[in-house]
Amino acid sequence: MSSTGGTGPVVFDLDGVILQTEEVWDQVRGRYVVERGGRYDEEAQRAMMGMSAPEWSRYLAEELGVPGTPDRISADIVRLMEARYREQLPLIPGAKDAVERLAAHWPLGLASSSNRPLIDVALELSGLDELFTATVSSEEVSRGKPAPDVYLEAARRLGVAPEHCVAVEDSHSGIRSAKKAGMRVIAIPNASFPPDSDALALADVVLDTIDELDVYAVETAAS
């Protein structure tokens, strides 16, 4: 592996960048909430984007009226999500090629709001697990996105200062998280749940699709 220029590692988000899962999360959590007598709408999904598992499971219990403890709710949702992944992994077209393209030049990290079991099964099923030097779930840090914790921990595990990293994000909370950590950010806006204009304005580079994510895009963001 050869590093290009003065750029350090590239840290990917998972949901919305490598996997088209926001819709799957929306369907799984929405059905789960409604079947248990809770309330669910589009605003609930947007509010939970970037939340860690402890945060969104508590949100389901306290704000959306789902009975049960947050731990039980989280375990139920993870089981349902893993079953969907194993049935058909929602890999974004071009994402695997983009990860492989950048892995030829830089160490890669992953900073995700997904639960650890879902990160591991997604990387295993996609065949990308060997390409990531460090992966972090926001359930392993104190606060989920938009707090910077998950990106700071990814940089720590990669052994570099966050200022030397370039993050790849799709959501308002993710862009804010990476910027607060001090990283440069490439935004590939989520088509279903696009980031707000204020968050998008924080990005150093904005791409239309992950097919455009290449060495030039990373070097441009880092410059």
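From a predicted model like this one, the values you see are computed outputs, not experimental measurements.

**Q** When you look at the packing of helix α3 (residues 53–62) against helix α4 (residues 70–87) in this model, what are you seeing that I'm missing?
**A** The packing of two helices is summarised by the inter-axis angle and the distance between the axes. Closest axis-to-axis distance for the α3/α4 pair is 8 Å, and the angle between their directions is 110°. Here α3 is positioned roughly perpendicular relative to α4, judged by the angle of their axes. When α3 is examined against α4, the residues Ala53, Trp56, Ser57, Arg58, Leu60 and Ala61 are found in contact with a partner set consisting of Pro70, Ile73, Ser74 and Ile77. Taken together, the residues that form the contact of α3 with α4 break down as 7 nonpolar, 2 polar and 1 charged.

**Q** Would you take a moment to explain the packing of helix α1 (residues 22–35) against α4 for this structure?
**A** In contact at an axis separation of 10 Å, α1 and α4 are set at 135° when each is read in the N-to-C sense. In terms of orientation, α1 lies oblique with respect to α4. When you trace α1 past α4, the crossing you get is right-handed. Contacts from Val24, Trp25, Gln27, Val28, Arg29 and Tyr32 of α1 reach α4 at Arg72, Ile73, Asp76, Ile77, Leu80, Met81, Arg84 and Tyr85.

**Q** Looking at this model, I keep getting lost on the side chain of Asp149. Mind explaining?
**A** As for its position among the elements, Asp149 is in helix α7 (residues 149–158). Since its relative accessible area comes to 13%, Asp149 is described here as buried. Discounting residues that sit within four places of it in the chain, Asp149 has contacts with Val141, Ser142 and Arg143.

**Q** Explain helix α6 (residues 116–126) here, please?
**A** The periodicity of an α-helix, 3.6 residues per turn, causes residues three or four places apart in sequence to face the same way. Looking only at α6, the buried set comprises Arg116, Leu118, Ile119, Val121, Ala122, Leu123 and Ser126. On its buried face, α6 is in contact with α1, α4, α5 (95–103), β2 (108–112), β3 (134–137) and α7. Phi turns positive, to about 80°, at Gly127, one or two residues after α6.

**Q** Before we go on, may I ask you to explain α3 in this structure?
**A** Of all the positions in α3, only Ala53, Trp56, Ser57, Tyr59, Leu60 and Ala61 are classed as buried. As for α3, its buried residues are in contact with α1, α2 (42–48) and α4.

**Q** What's the story with the packing of aromatic side chains in this structure? I'm lost.
**A** Working definition: an aromatic ring pair is given by the centre-to-centre distance plus the angle between the planes. In the structure shown here, the tally under the stated rule is 2 aromatic pairs. Centre to centre, the rings of Phe12 and Phe132 are 6.0 Å apart; their planes meet at 85°, and the pair counts as edge-to-face. Remark: Phe132 occurs in the loop between α6 and β3 and Phe12 occurs in strand β1 (residues 10–12); sequence separation between them is 120 residues. Of the two residues examined, Phe12 and Phe132, each falls in the buried class.

**Q** Help me understand a negative patch on the surface, please; the structure alone is not making it clear to me.
**A** A contiguous patch of negative charge, built from Asp97, Glu100, Asp208, Asp211 and Glu212, is present on the exposed surface. Inspection of the secondary structure puts Asp97 in helix α5. Its relative accessible area of 46% is what places Asp97 among the partly exposed residues.

**Q** What's the story with the nonpolar core in this structure? I'm lost.
**A** In summary, soluble globular proteins display a tendency toward joint burial of nonpolar side chains. Counting 55 residues, the largest nonpolar core has Phe12, Ile18, Leu60, Ile186 and Leu213 as its most contacted members. Residues in contact with Leu60, not counting those within four places in the same chain, are Tyr32, Val33, Met48, Gly65, Val66 and Ile73. Among the nonpolar cores identified, the runner-up in size contains 19 residues, and Val150, Ala181, Ala187 and Ala203 belong to it.

**Q** Explanation requested: the environment of Ser74 in the structure shown.
**A** With respect to the helices and strands, Ser74 occurs in helix α4. In this structure the C-alpha to C-alpha distance between Ser74 and Arg29, which are 45 residues apart in sequence, comes to 9.9 Å. A distance of 3.4 Å separates polar atoms of two side chains, one belonging to Ser74 and the other to Asn115.

Rules used in this analysis
Residues numbered from 1 in each chain as written. Predicted model: local features only at pLDDT ≥ 70, side-chain atom pairs only at ≥ 80, totals over all residues. Heavy atoms only, no water. Axes fitted to C-alpha atoms, helices over the stretch in contact; angles between N-to-C directions. Helix = DSSP H or I, 4+ residues; strand = E, 2+ residues; numbered from the N terminus. Parallel < 35°, antiparallel > 145°, perpendicular 65-115°, else oblique. Contact = heavy atoms within 4.5 Å. Nonpolar A, V, L, I, M, F, W, Y, C, P; charged D, E, K, R; others polar. Left-handed = near helix turned anticlockwise from the far one by under 90°. Buried < 20%, exposed > 50% of the residue type's maximum accessible area, 1.4 Å probe, protein only. Phe/Tyr/Trp six-rings, centres within 6.5 Å; stacked < 30°, edge-to-face > 60°. Patch = residues over 30% accessible without salt bridge, like charges linked within 9 Å, V, L, I, M, F, W, Y side chains within 5 Å. Areas by Shrake-Rupley, 256 points an atom, 1.4 Å probe, with all protein chains shown as cover. Salt bridge = Lys/Arg side-chain N within 4 Å of Asp/Glu carboxyl O. Lys, Arg positive; Asp, Glu negative; His and termini not counted. Charge placed at Lys NZ, Arg CZ, Asp CG, Glu CD. Core = buried A, V, L, I, M, F, W, Y, C linked by side-chain atoms within 4.5 Å. Polar contact = N/O pair within 3.5 Å; in protein donor to acceptor, adjacent residues only side chain to side chain.

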